[in-house]
There are 2 protein chains.
Amino acid sequence: MEVITSTDNKKIKNLCKLKEKKYRDEENLFLVETKHLIEEANKCGLLLEVIILDGEDLDIDVLKTYVSLNVMKKLSFISNSKYIGVVKKYEPYNYNKRLLLLDNIQDPGNLGTIIRSASAFNIDTVVLGDNCVDLYNDKVIRASEGMLFQVDCMRKNLSRFIDELKVNNYLIIGTNVVNGINVSEFKYPDKFAIIIGNEGKGISDEIKTKIDKNIYIPMNKKTESLNASVAASIIMYEMSKMDYE
Amino acid sequence: MEVITSTDNKKIKNLCKLKEKKYRDEENLFLVETKHLIEEANKCGLLLEVIILDGEDLDIDVLKTYVSLNVMKKLSFISNSKYIGVVKKYEPYNYNKRLLLLDNIQDPGNLGTIIRSASAFNIDTVVLGDNCVDLYNDKVIRASEGMLFQVDCMRKNLSRFIDELKVNNYLIIGTNVVNGINVSEFKYPDKFAIIIGNEGKGISDEIKTKIDKNIYIPMNKKTESLNASVAASIIMYEMSKMDYE
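Residues numbered from 1 in each chain as written. Chains lettered and ligands numbered in written order. Predicted model: local features only at pLDDT ≥ 70, side-chain atom pairs only at ≥ 80, totals over all residues. Heavy atoms only, no water.

Chemist: Tell me about the relation of the copies chain B and chain A, residues and numbers included.
Modeler: The transform that puts chain B on chain A rotates by 180° and translates by 0.0 Å along the axis, for an RMSD of 0.0 Å. On the angle and the small slide along the axis, the relation comes out as a two-fold axis. Most of the interface of chain B is mirrored in chain A: 100% of its interface residues are interface residues there too. (Least-squares fit on C-alpha atoms with pLDDT ≥ 70 in both. Contact = heavy atoms within 4.5 Å.)

Dropping the structure here:
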């Protein structure tokens, strides 16, 4: 068994490049760490290869490459990593009826958490505006707890995509405290898209003009707003109640 | 006006120590950054001093110390900081009727987000178990968006504190999918404490034995769990509905 021990190895250098969005976009590949995430990627048929720390092993039927500790440290984002998966990007072509649209979500932890909640609360497709943080950022992947592989995600120009949705009779739902409907009283139609805005600025002005209805989360006056992933999760939680009625 | 330009200045060295929990505990002081957080601390009468970048100013009636850019960079956690507030810790002596108990919450972002939601959803007191991340960690403060100054927070040995609550007729509410009550159907009594467990391990075994009732959040079977701050926020959100009925 060959073990790669040099960080100057060409293959390792190429894999390292995947830490940057530019190369992930070029190669259509990304890296995941932890056994759990590697297994989730494998279940979806997207795992191409695993990089394994010398002395460890993984019971998985895929190309395996063994590396020394210094090489693993070079590749890894987290401490004490034993395995790194090389995963193919997947973007579905079609979307379904229940959409969550993200307008300029910048915090990777928020994006990952929103995807995790979207999976829990029966959203079909999460649509990232092209101003959002990269879906394949390592922090997004970790915060999603592997649910990235359970929910369809796509990246779109939101403004044009909303126009397409309107033609197809989707209700466009915004979040706003003014003139909104209490989120617990809102009646969802068959096809809809809920828009979540940027952490600091909310939904951008251009997108706001395309909203059909606004919903709000009732809260104490002393608090101006909720964390974006919390607000998104409460909205999805309330929406999913119709599945249990 | 004197401007401190040396990072070896004794005062600056002492302030820098407040970046570590040990010294925050010893001095009963902590640092906050951004104008918004400094103003929130001031409203509560807890602001002792502001450190201001040379060339900037802040319209606030408190001791001001001006520093050069290199000194500000040394003190600051974030980039482009212009102001740092030196703030007195405050721990209330009494707690009220609606408590949120945190058992081993480790992620600073989660703790700050939970505090922000606790303020939004009418929790009286957030009680950190002594195994939680430090309340005065800079990331906790930033994630709380200043709501740290709006909600009473205290640190306790949770196990002993729950025993005290039980004597005082508080209902102890856990979160668990087995044998629980749907969070949207739960009837809250006058006095209660909701327990939120660790991000990975949930509520610790010792604390579990003290729970009176469990509640759960209905979700899709393909998702094992929610982010801890999301779960806590949904529970508090549902609880706060009784204030609007």
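Chemist: I'd like to hear about the interface of chain B and chain A, residue by residue, with values.
Modeler: With 28 residues of chain B at the interface, the matching set in chain A holds 28 residues. Across the chain B to chain A interface the summed buried area is about 2500 Å²; carbon plus sulfur atoms make up 55%. Among the residues chain B hides against chain A, the three largest losses belong to Arg 116, Lys 222 and Tyr 237 of chain B. Together they make up 23% of the total. We note a salt bridge from Lys 241 of chain A to Glu 238 of chain B, for which the minimum N-O separation is 2.6 Å. (Buried area = accessible area lost by both parts, 1.4 Å probe. Salt bridge = Lys/Arg side-chain N within 4 Å of Asp/Glu carboxyl O.)

Chemist: Pulling in residues and values, what's your account of the pairing of strand β2 (residues 29–33) of chain A?
Modeler: Residue and element names in this part refer to chain A. Of all 5 residues making up β2, 5 are buried, and the element is well covered by its neighbours. Bridge count between β2 and strand β5 (residues 83–88): 5 bridges; the pairing is antiparallel. Within the sheet, the bridge partner assigned to Phe 30 lies in β5 and is Val 87. (Buried < 20%, exposed > 50% of the residue type's maximum accessible area, 1.4 Å probe, protein only. Helix = DSSP H or I, 4+ residues; strand = E, 2+ residues; numbered from the N terminus. Pairing = 2+ DSSP bridges.)

Chemist: Give a description of the sheet that holds strand β9 (residues 171–175) of chain B that names residues and reports values.
Modeler: Pairing between the strands of a sheet comes from backbone hydrogen bonds, and it takes one of two forms, parallel or antiparallel. All names here are of chain B. With respect to topology, 7 strands assemble into an open sheet ordered β8-β7-β6-β11-β9-β12-β10, the strand pairing being parallel. Across the chains shown, the open sheet's two edge strands, defined by having one partner strand only, are β8 (152–156) and β10 (181–182). As paired elements, strand β7 (residues 125–129) and β8 share 5 bridges and run parallel to each other. Of the residues in β8, the one forming a bridge with Val 126 is Cys 153.

It is worth stressing that arrangement in space is one thing and function is another; only the former is reported here.
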